[in-house]
Amino acid sequence: MRKANPFYGWMIVLGAIVFLALSAPISVSLTSLFATAVTEDTGISLSQFTLSNTLLQGVGILLAPLASRLLSTKYFKKIHIAMTALYGTAIAMLGFANHLYVFYLISLVKGIAFVFIGIIPVAMMISNWFEWKRGKAMSLAMTGLSMGGVIFGPLVSKWLLEYGWRQTYIIYGVMLLAIGLPISLFIYQRVPEDKGLTKLISNQSGETQTKIQNRQIYLSGQESLGKPFFLMLLIGMLFAGLVNGGGLGQFPRAFSLAHGAVFGGLLISIYSLVGIFG
């Protein structure tokens, strides 16, 4: 196996930043921006519209273990390409939805696709490509989640005002296909061996993989459940999810109703900007 200079793993990190910035906000932080326009135009109640996002998140939770197993196989790239195409198409199809149950069906499809193209494959690739600087690579990749809100919060608000919610969904879906598919096709690689390379295991001072492994603790899933630090982590994630979900799901819409859609988009942008430094 040869070593690339510069290391190709950083190209995967860059691709992940762009991909997550584009794919995640439309299913998380930007949902509230569409709520008012969709409910007023279709007569769907706010609670009914919000349920579509609950379905999206719920199916992701249920399918996460299956997605992890399938993406760990040699079919990683084929699955990722297919699910990226499905995800972008589903977003665009929301622009043609006229019935509540069509929203629900498309949300389920989006949820299934997103669990296969979101955080799971990114975490998997970084773990495979990086032994040294893995934490740095993961942190950089995950900034895409917040950067997407910073960029697309004001942009989507502008599109909603100028083109309406249907055209905005179509524009976003086509944009995701145009940018996301090339990243999936030409940049993402599950393991270094697929490009004839090796993972990053040492620094310039000669730190070996053995030294790095000596600083790590390896626990099985069953062993982790009995550890206090893991339980505290789960509790912390639960409360962080509640706070983050409430902040992104409720406040932007409330401010949009009071001060306009542009202000709501700006609020999402500021909220997401803070997340980058987290």
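Heads up: these notes are all about the structure in this document. None of the values given here were measured: they were computed from a predicted structure. (Residues numbered from 1 in each chain as written. Predicted model: local features only at pLDDT ≥ 70, side-chain atom pairs only at ≥ 80, totals over all residues. Heavy atoms only, no water.)

A few points about the packing of helix α2 (residues 31-42) against helix α8 (residues 165-187)
Move 1: The interhelical angle for the contact between α2 and α8, taken along N-to-C directions, is 130°, at an axis separation of 10 Å. Judged by the angle between their axes, α2 and α8 are oblique. Every residue of α8 that contacts α2 at F34, A37, V38, D41 and T42 is listed here: W165, R166, T168 and Y169.
Move 2: Counted by class, the contact of α2 with α8 contains 5 nonpolar, 2 polar and 2 charged residues. (Axes fitted to C-alpha atoms, helices over the stretch in contact; angles between N-to-C directions. Helix = DSSP H or I, 4+ residues; strand = E, 2+ residues; numbered from the N terminus. Parallel < 35°, antiparallel > 145°, perpendicular 65-115°, else oblique. Contact = heavy atoms within 4.5 Å. Nonpolar A, V, L, I, M, F, W, Y, C, P; charged D, E, K, R; others polar.)

Some points on the pattern of salt bridges
Move 1: Scanning the model with the defined rule gives 3 salt bridges in all.
Move 2: One salt bridge connects R134 with E131, and the closest N-O pair in it is separated by 3.4 Å.
Move 3: Residue K199 pairs with E131 through a salt bridge whose shortest N-O separation is 3.4 Å. Of this pair, K199 sits in the loop between α8 and α9 (209-214) while E131 sits in the loop between α6 (119-129) and α7 (134-163), and the two are 68 residues apart along the sequence. (Salt bridge = Lys/Arg side-chain N within 4 Å of Asp/Glu carboxyl O.)

As for a nonpolar patch on the surface
Move 1: A cluster of nonpolar side chains, namely M11, L14, V18 and I179, defines an oily patch on the protein surface of about 320 Å² accessible area.
Move 2: Broken down by element, the nonpolar patch gets its largest block of residues, 3 residues, from helix α1 (residues 9-23).
Move 3: As for its position among the elements, M11 is in helix α1. (Patch = residues over 30% accessible without salt bridge, like charges linked within 9 Å, V, L, I, M, F, W, Y side chains within 5 Å. Areas by Shrake-Rupley, 256 points an atom, 1.4 Å probe, with all protein chains shown as cover.)

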